[in-house]
Amino acid sequence: MTTAAFTTTAALLLTACGGGDESSPEDIKGAGGGSPSASASSGAADVKRPDVSVPPDLKLVFDFAKPSDAGEAAALGDAANFIRALDHGIAQQDPNDPAYQFYSTGGAQKYAKSQIEAWVKDGWTVTGEDRYFNADIESVGQGDSTLVTFCRNQAKFYSKKVKTGKVNYTDENLDSYQKFSLLMSPSEASEAVWQARQIEVQGRVEECKG
């Protein structure tokens with residue numbers, strides 16, 4: 001699989017769970033719970049990482065088993081941090097938030113910025129609980145790139161109006177289940193940090209429902 005295979009297109013921009021209102025932004029939601037700045041890399045303690053915390057009414061669950069391989073563990077850990085950083089930017093209402101820029105580059109960074117811009121433009125933020133699970137990791141090509149994939153259940157993840165605090169609730173359905181594919185590789189600034197380079201999001205994924 002090549003980097004080009006992960007070029008983000010408009011077809012990958014999915015309507016936020018809690019939608020139904022046509023003004024709702026598009027999403028790739030997720031963020032928040034656990035140790036925001038934690039990394040699986042042993043050298044990560046020397047790296048100053050950005051804040052990816054989110055409001056207390058937003059909980060993100062990563063139900064991932066830690067890989068025994070240090071590189072795979074680092075790639076998976078920072079793939080989760082990219083998701084956290086995306087929601088941090090939405091919560092901060094800042095399309096130029098440094099957190100997602102730290103954990104991404106290329107197409108993934110452009111995607112994150114466009115998502116945050118959409119939420120901010122329409123006056124939405126995020127709330128509820130978002131769950132990610134069934135992670136899989138595999139090497140790509142002959143370089144250091146790694147493909148990280150995982151499922152998402154956003155049935156309890158909702159959009160909320162910033163000005164009024166009104167939450168847009170919806171019932172669980174097939175739209176609640178997505179599959180993420182992130183092309184990860186070590187940052188040029190520090191090998192202890194892995195960045196998302198490209199992202200693909202598939203909606204209505206039956207295999208994630210089971």
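Before reading further, recall that the structure is shown in the block above.
Here we summarise the structure given alongside this text. (Residues numbered from 1 in each chain as written. Predicted model: local features only at pLDDT ≥ 70, side-chain atom pairs only at ≥ 80, totals over all residues. Heavy atoms only, no water.)

### Some details on the overall build of the chain
Move 1: Scanning the chain from terminus to terminus reveals 4 helices and 9 strands.
Move 2: If you list the helices and strands of the chain from N to C, you get β-β-β-α-α-α-β-β-β-β-β-β-α.
Move 3: Contacts spanning at least 24 positions in sequence make up 72% of the contacts within the chain whose residues lie at least 6 apart. (Helix = DSSP H or I, 4+ residues; strand = E, 2+ residues; numbered from the N terminus. Contact = heavy atoms within 4.5 Å.)

### Some thoughts on the packing of aromatic side chains
Move 1: Scanning all chains against the criterion turns up 8 aromatic pairs.
Move 2: When the ring of F62 is compared with that of F64, the centres are 5.5 Å apart and the planes differ by 50 degrees; the resulting orientation is tilted.
Move 3: When the ring of F64 is compared with that of F150, the centres are 5.4 Å apart and the planes differ by 45 degrees; the resulting orientation is tilted. Taken together, the positions of F64 in the loop between β3 (58-63) and α1 (70-92) and F150 in strand β5 (residues 146-153) put the pair 86 residues apart, joining distant regions of the chain. Summarising the burial analysis for this pair, F64 and F150 share the class buried.
Move 4: An aromatic cluster of at least three residues, connected via ring pairs, comprises F62, F64, Y132, F150 and F180.
Move 5: The ring of F133 carries R131 above its face, with NZ or CZ at 4.3 Å from the centroid.
Move 6: Sitting over the ring of F157, R152 keeps its end group 5.1 Å from the ring centre. (Phe/Tyr/Trp six-rings, centres within 6.5 Å; stacked < 30°, edge-to-face > 60°. Buried < 20%, exposed > 50% of the residue type's maximum accessible area, 1.4 Å probe, protein only. Lys NZ or Arg CZ within 6 Å of the ring centre and 35° of its normal.)

### Describing the pattern of salt bridges
Move 1: Tallied over the full model, the rule gives 6 salt bridges.
Move 2: As a salt-bridge pair, D130 and R152 come within 2.9 Å of each other at their nearest N and O atoms. Here D130 is found in strand β4 (residues 124-139), whereas its partner R152 is found in strand β5, with 22 residues between them in sequence.
Move 3: Between K179 and E207 there is a salt bridge, with its nearest N and O atoms 3.3 Å apart. Of this pair, K179 sits in strand β8 (residues 177-186) while E207 sits in helix α4 (residues 206-209), and the two are 28 residues apart along the sequence. (Salt bridge = Lys/Arg side-chain N within 4 Å of Asp/Glu carboxyl O.)

### Comments concerning the nonpolar core
Move 1: In this structure, F82 and F150 are the most contacted members of the largest nonpolar core, which totals 41 residues.
Move 2: Breaking this core down by element, the ones donating at least two residues are β3, α1, α2 (98-102), α3 (106-121), β4, β5, β8 and β9 (194-203).
Move 3: A total of 10 residues in this core trace back to one element, the largest contributor, which is α1. (Core = buried A, V, L, I, M, F, W, Y, C linked by side-chain atoms within 4.5 Å.)

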